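Listed below, chain by chain, are the residues.
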Amino acid sequence: MGRLKLQSGIKAIEEEPEDCETTSSNKAALACIINSEIGAVLAVMRRNVRWGGRYMSGDDQLEHSLIQALKALRKQIFSWQHPWHTLNPAVYLQPFLDVIRSDETGAPITGVALSSVYKILTLDVLDLNTVNVEDAMHSVVDSVAGCRFEVTDPGSEEVVLMKILQVLLACMKSKASAMLTNQHVCTIVNTCFRIVHQAGTKGELLQRVARHTMHELVRCIFSHLQDVNNTEGSLVKGTSSVKQELLGIDNDYNFGGKSKNGNASAEYNNQPSSTSLASNASGGPVTGVMDDSTVRTGNGKDAFTYDLHLMTEPYGVPCMVEIFHFLCSLLNVVEHMGMGSRSNTVTFDEDVPLFALQLINSAVELGGLSIRQHPRLLSLVQDELFRNLMQFGLSMSPLILSIVCSIVLNLYQYLRSELKLQLEAFFSCVILRLAQSRFGASYQQQEVAMEALVDFCRQKSFMVEMYANLDCDITCSNVFEDLANLLSKSAFPVNCPLSSMHILALDGLIAVIQGMAERISNGSVTLEPAPVNFEEYTPFWMVKCDNYGEPDHWVPFGTHLLPDKLDPQSVACFFRYTAGLDKNLVGDFLGNHDEFCVQVLHEFAGTFDFQDMNLDTALRLFLETFRLPGESQKIQRVLEAFSERYYEQSPQILANKDAALLLSYSLIMLNTDQHNVQVKKKMTEEDFIRNNRHINGGNDLPREFLSELYHSICRNEIRTTPEQGVGFHEMTPSRWIDLMHKSKKTAPFILSDSKAYLDHDMFAIMSGPTIAAISVVFDHAEHEDVYQTCIDGFLAVAKISACHHLEDVLDDLVVSLCKFTTLLNPSAVEEPVLAFGDDTKARMATVTVFTIANRYGDFIRTGWRNILDCILKLHKLGLLPARVASDAADDSELSPDPGHGKPLTNSLSSAHIPSIGTPKRSSGLMGRFSQLLSLDTEEPRSQPTEQQLAAHQRTLQTIQKCHIDSIFTESKFLQADSLLQLARALIWAAGRPQKGNSSPEDEDTAVFCLELLIAITLNNRDRIVLLWQGVYDHISSIVQSTVMPCALVEKAVSGLLRICQRLLPYKENLADELLRSLQLVLKLDARVADAYCEQITQEVSRLVKANATHIRSPMGWRTIASLLSITARHPEASEAGFDALLFIMSDRAHLSPANYSLCVDAARQFAESRVGQADRSVRALDLMAGSVTCLAKWAQETKESLGEAEAAKMSQDIGEMWLRLVQGLRKVCLDQREEVRNHALVCLQTCLTGVDGICLPNGLWLQCFDLVMFTMLDDLLEIAQGHSQKDYRNIEGTLTLALKLLSKVFLQLLHELSQLTTFCKLWLGVLSRMEKYMKVKGRVKKSEKLQELVPELLKNTLIVMKTRGVLVQRSALGGDSLWELTWLHVNNIAPTLQSEVFPDQDSEQLQPSEGGILLCLITRKVCNTRIFDSFGWGNEVGPVQSLGISEVAGGFSG
């Protein structure tokens, strides 16, 4: 048998089949228990004189059969050898049951017998394996339900009743309870409810025990619903047998009693002394209403038949349907039930429905989802239960309203897919009416309704399902929108302090919002709904979605309301099923005489289902959908359409549609008569019946039928002016009937999953009121827990707004929150920092604002302005961290040498806030704190109190939580629109720069905003195109409007340079534009430029060193070169400028055709600059001279890689660059400083003679002589003649070098130049310069050096020209101009040179000997060597040395 647990204090007895000893001990224990129970019953019976006397009267009298049966059982129990489960339980139960059923036993005896049966049941002896257990369980139920006993005293009677409850509950909880039939379960419930009802006149304990037992019974029965299989035909809908039996409690409610002997006995509480619980003991509760083999129940159309044998089968759905129907019917019969004079203290009006509702709630809780599987149970819930819930939901009792709401919540959880319209009706007609005081609800009702609504809102799927199923259904009302508005309005404290009701509504509102936010985390957010194609119109009342269970099908589901071409059916259905239409207009349209309107009217009437409906109910339903017109013709047309439709569906009593029309008119007249206050004399029932004679096809209608109509109209007015625009309708019977008809046709209920398919539209509806409501509560709240609730709501709103890209909503939220930070308020307190630390609300709002900015900044637009206002206020208070405006993300890319120049001023935390009691100022986050701790006593100051220190510490902690710097350092992750708005907000916050003096506070704000703007620009280098124009315009306006040095213009210029420095490597396509922006620096006011030249130059130097390879265009280099050139004459900036130029030109890696000439010009500027030592000028000249190698390199590359046309163009460019170079050196050759002058000449010689790799055209050389050589010689000559030696020290040496340079270059290029047609002119130019230099004299005397040098140079030149055949007498007739002109000038310089150079001019025909030729060569070689040695050029190959022997021989041949 397994394991038997003996309850009621008896230790468990284990019985194992394989252990005989244990089995025998179990048998003995059970036998002892039963024996003790027999003894207990006998002992109590012996105490009664009647039973004891009989036993002692002598052997001639037999004992009573009850005692004999007990004694017989006692004899047998110890002699049974078989296991207990093989014994028929009736053997050991029947003696006790006989005592219970006997009406001769008193209450004490019956009570003990009941206790014995209870004990046996709790021993678990009876189970499904026990022999004949079914009959035993039936006997127990029948016996206990039919219990009879004599009442001796009220106390013992209550004990017996409690024991009856105990035994019946034990039967239901027994293992063998499955053997009970549907009939017996109904009997148990019936018996318990009778005791519950009778307990109303008994003691409090019995009342509580009876009610508790009833609850346990219902819970026990319905907990098995999920285990019961559905059997069609076993379910009964309609008036159940239980109901029929229990409805008799009005007439026979008190348990009837009778005297066994027919004697009058004392009564207790107006009851006979003998009490019986069995109104039908033999047949159970069903037989009282059964007829033959079937039972027909109900009221006509809802009647169902079922077989008698179903009630005798093991219990299941049939009994549950009976019980549930009975519980629902209790709500119907409450108003007809009376109570005895000794009623309970709880009023009956509240007590009975409350008890019934609690039982129903238990049944629903345990039946749960299983109810859906059983159509008749579900039907009871959909119709009868919900109809009663709608009625009792408007109860004045908070207890009843609360339990009604609990039931509906449970029904929503388990059965919402089957209760779509019922739920709509409940919220529209109950919750929305009771939660608002304007409908007359008491505060308690409002509070209970609001609590219930909040409970619903805490169900994550509730609001989205209301929206999907009701608001999105054109035939239903907008429940979601109404509920959301209700919550928002209820959270507003209007002219009153914040109350618990406001907080409750806020909780519901935030629960809805947080539900949306949680769904966002689950993904699948549809931002753009798929377009719906309406090419072929389908009426909305006929459209069906393919799959309501799949959101991808029903989310984009939509319809047209009306077709383009109207037809009567479409318009009629539009009027009938569209919620929110103006009923006055609908009534006028339907009553119109136009043919189309008449067709619409008949189609409209055809949409109603009046089958099996009373005429007055049908008329109420019809007239509730529109306002009956006032004109008689319109009324007639409307009623004709109604009557025709009604007669089609309900022709049972009426003979024709005319009868329906006449009776309808009569009902409307009666309605006006009875309910119009101006009618003094009211129509009587007889008047009404008399008025309606002979209207039914010439016959009278049944009197009962007319009487029922009369009283229905009198009790309940037909409203010919339906409510509209005044709130939510009250549920009337006609409306309920219409609802049940609609429920059969309505679209299936859409169950929501955890995805945010509809949240965008839902949030768009409620976002504005929600933000306003939360803000108002937050403003009025005084407790931190309410603050936190509001903050949670704000964050949820922000999350949803960001997810669905509702930028306007997020901006509104930010604006609202910024007001609560108190940072935007004009500061009226002396210590705003401490006031902020003491204001919890302000600190929480501040943290929330910046949390939203950091998390959802992508979707903030205009809200950035408010956020920046808060940041600026914190900055002014000195509360911002030091690195708020730093571009921390990019610091690793820039590592400036700290030794170069002084760093730029950091004005980040320049706001100064007075400390406590002292004028001393400090700035920065820790500066404020150090003020509070400072013990410096320059002036008397008060020490901060502990409260002040604590407040300041709270302020610091708040700022740290805000992570304000992340807004800017993480701006690289912002979406483009948001980033652009942030930049614009910074420019707006900085204000327009003003010429002249501005306040230090305004300037500090402008500087701080500019720093932030630069920071986000640097952090968004990949999106610089988006920001650049605005940033450039802002910096440009600062530069052009500033006339005096200030921190703002310094920050603007340095920021511009940093932006270029950082972004050039990444944005080559913007390089020109970035570098062009640096021209703003050139536009600085002279005073401003002078003040910040060093810092600017340092930044330019860093820019060049970091990005030289990225600057490729001439325009960009022109800007850089201009900036560097300017610094050449600035004492402080020149060193950094030259350092940058040195970087570009020193290793020639960064020189290019694009920047060559510009860099050469810049180097010339540094060479000419007298700022700094002459050594730097010399280095600048070396840079210029060294750059010629780049020209040679480019020329070589041009020959190797480019085509002919490109090579020619490049060669021309190289020539121009070379000419620019030597022209620059020419200018430096005129420098006042001797070493610079002379070094420039040396560099010029290098550039003129070291161009072997460069193919320079002859024309370029002519330009070089004209523009460089001759101009330089002329200028030097002018200087020598016009200035003293004091101004130009040793100018004579410079002239000497210049003349030597001329001779050397001329001789080196003699061969090329001699081919030119203009050679004569060039040569004469050389001679004329030598002639001038021969005659040059200073202010006192001629130069001796030049007097010696010029003839020597000229002689050498003439010899070379002669040797190369350039200077020869070509015509004996004297027509050779070169020859003649040469000697004309030479004779002016040195007349003897001709004879020296051409000693044999007159004996040309003579052939010189070999020795003479050799001697001539040696002489010339020696002469040449001596001459060039005297010039200092001895190591170089001179023109003579380059000549071959053959040339010399050829020159002298003949």
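Residues numbered from 1 in each chain as written. Predicted model: local features only at pLDDT ≥ 70, side-chain atom pairs only at ≥ 80, totals over all residues. Heavy atoms only, no water.

Counting secondary structure elements, the protein chain contains 63 helices and eight strands. Within the protein chain, buried positions represent 54% of all 1454 residues. In the protein chain, the proportion of contacts linking residues at least 24 apart, taken out of those at least 6 apart, comes to 76%. Total accessible area on the protein chain stands at roughly 63700 Å², and carbon and sulfur atoms take up 50% of it. (Helix = DSSP H or I, 4+ residues; strand = E, 2+ residues; numbered from the N terminus. Buried < 20%, exposed > 50% of the residue type's maximum accessible area, 1.4 Å probe, protein only. Contact = heavy atoms within 4.5 Å. Areas by Shrake-Rupley, 256 points an atom, 1.4 Å probe, with all protein chains shown as cover.)

Viewed as axis vectors pointing N to C, helix α25 (residues 615-623) and helix α27 (residues 657-675) meet at an angle of 75 degrees, and their least axial separation amounts to 11 Å. By the angle between their axes, α25 is roughly perpendicular relative to α27. Contacts between α25 and α27 involve L615, D616 and L619 from the former and L663, S664, L667 and I668 from the latter. (Axes fitted to C-alpha atoms, helices over the stretch in contact; angles between N-to-C directions. Parallel < 35°, antiparallel > 145°, perpendicular 65-115°, else oblique.)

Turning our eyes to something else, we now look at unusual backbone geometry. The phi angle at N132 is positive, at roughly 55 degrees, despite the residue not being glycine. Looking at N132, the relative accessible area reads 32%, which means it is partly exposed. Even without glycine at this site, N495 takes up a positive phi of about 55 degrees. Here N495 shows up in the loop between α19 (479-491) and α20 (500-521). We classify N495 as exposed; its relative accessible area is 81%.

Taken as a whole, this structure holds 36 salt bridges when the rule is applied. For the salt bridge of K1209 with D1213, the shortest nitrogen-to-oxygen distance reads 3.0 Å. Here the residue K1209 and the residue D1213 both occupy positions in helix α53 (residues 1204-1228), the gap between them amounting to four residues, near one helical turn. For K1209, a relative accessible area of 46% puts it in the partly exposed group. Owing to a relative accessible area of 23%, D1213 belongs among the partly exposed residues under this scheme. The residue E1396 makes a salt bridge to K1355 at a minimum N-O spacing of 3.3 Å. Separated by 41 residues along the polypeptide, E1396 in helix α61 (residues 1393-1397) and K1355 in helix α59 (residues 1344-1363) bring together distant segments of the chain. Judged by its relative accessible area of 24%, K1355 is partly exposed. Each of the salt bridges in this network shares a partner with another, and the network as a whole consists of R1129, R1164 and E1168. (Salt bridge = Lys/Arg side-chain N within 4 Å of Asp/Glu carboxyl O.)

Locating G1250 in the fold gives a position in the loop between α54 (1234-1249) and α55 (1258-1282). In this structure G1250 comes out as partly exposed when scored by relative accessible area, which is 43%.

Let us now look at the packing of helix α56 (residues 1291-1308) against helix α58 (residues 1319-1335). The contact between α56 and α58 brings their axes to 11 Å, and the two run at 160 degrees. Of the possible angle classes, the one that applies to α56 and α58 is roughly antiparallel. For the pair α56 and α58, the crossing hand works out as left-handed. Taking contact as the criterion, the partners of L1295, L1299, L1302, S1303 and F1306 in α56 are, on α58, F1319, L1322, W1323, V1326, R1329, M1330 and Y1333. Split by residue class, the contact of α56 with α58 holds ten nonpolar, one polar and one charged. (Left-handed = near helix turned anticlockwise from the far one by under 90°. Nonpolar A, V, L, I, M, F, W, Y, C, P; charged D, E, K, R; others polar.)

Attention now goes to the side chain of S1077. Residue placement: S1077 occurs in helix α44 (residues 1071-1077). Not counting residues within four places of it along the chain, the set of residues in contact with S1077 comprises W1028, Y1032, L1056 and C1060.

Another aspect to go through is the nonpolar core. Grouped together as the largest cluster of nonpolar side chains are 392 residues, with contacts concentrated most on F324, W1218 and F1306. Ranked by the residues each element gives to this core, the list is headed by α55, at 14 residues. Leave out the neighbours within four places in its chain, and F1306 touches F1265, L1313, F1319, L1322, W1323, V1326, T1357 and M1361. By size, the runner-up hydrophobic cluster in this structure holds 46 residues, among which are M613, F642, L667 and L701. (Core = buried A, V, L, I, M, F, W, Y, C linked by side-chain atoms within 4.5 Å.)

Right, let's talk about the packing of aromatic side chains for a bit. Counting across every chain of the model gives 35 aromatic pairs. Geometrically, the ring pair formed by F608 and F610 is stacked, given 5.5 Å between the ring centres and 20 degrees between the ring planes. Look at F608 and you get buried, because its relative accessible area is 0%. We classify F610 as buried; its relative accessible area is 0%. By way of ring pairs, the aromatic residues F604, F608, F610, F622, F626, F642 and Y646 are connected into one cluster. Geometry around F778 places K841 over its ring, the cationic atom sitting 5.9 Å from the centre. (Phe/Tyr/Trp six-rings, centres within 6.5 Å; stacked < 30°, edge-to-face > 60°. Lys NZ or Arg CZ within 6 Å of the ring centre and 35° of its normal.)

Time to look at helix α42 (residues 1024-1041). The terminal C-alpha atoms of α42 lie 25 Å apart, and with 18 residues this matches the ideal 26 Å at 1.5 Å per residue to within 8%. Each element contacted by the buried residues of α42 is listed here: α40 (976-990), α41 (1000-1019), α43 (1047-1063), α44 and α45 (1079-1082). (Expected span 1.5 Å × (residues − 1).)

This part is about the environment of L415. Position of L415 among the secondary structure elements: in helix α15 (residues 398-415). Along the primary structure L415 and R372 are separated by 43 residues, whereas in three dimensions their C-alpha atoms are 6.7 Å apart.

Once that is clear, we can look at α54. Between the first and last C-alpha of α54 there are 22 Å, a value that for 16 residues agrees with the 22 Å anticipated at 1.5 Å per step. For α54, a buried count of twelve out of 16 residues is recorded, marking the element as mostly surrounded by other parts of the structure. For α54, the full list of buried residues reads E1234, V1236, R1237, N1238, A1240, L1241, C1243, L1244, Q1245, C1247, L1248 and T1249.

A word on the environment of S1101. Of note, S1101 is situated in helix α47 (residues 1093-1107). Between the C-alpha atoms of S1101 and A1136, which are 35 residues apart in sequence, the distance is 6.5 Å. In this structure S1101 touches A1136, D1139 and A1140, once residues within four positions along its chain are discounted.

Before going further, it helps to spend a moment on the confidence of the model for the protein chain. When the pLDDT values of the protein chain are averaged, the result is 78; 78% of them are 70 or greater. For the stretch residues 231-306, pLDDT sits under 50, and the model shows 162 contacts to residues farther than four places along the chain or on other chains. When the criterion is pLDDT under 50, residues 526-541 qualifies, and its contacts beyond four places in sequence or with other chains add up to 30 contacts. (pLDDT = per-residue confidence, 0-100.)

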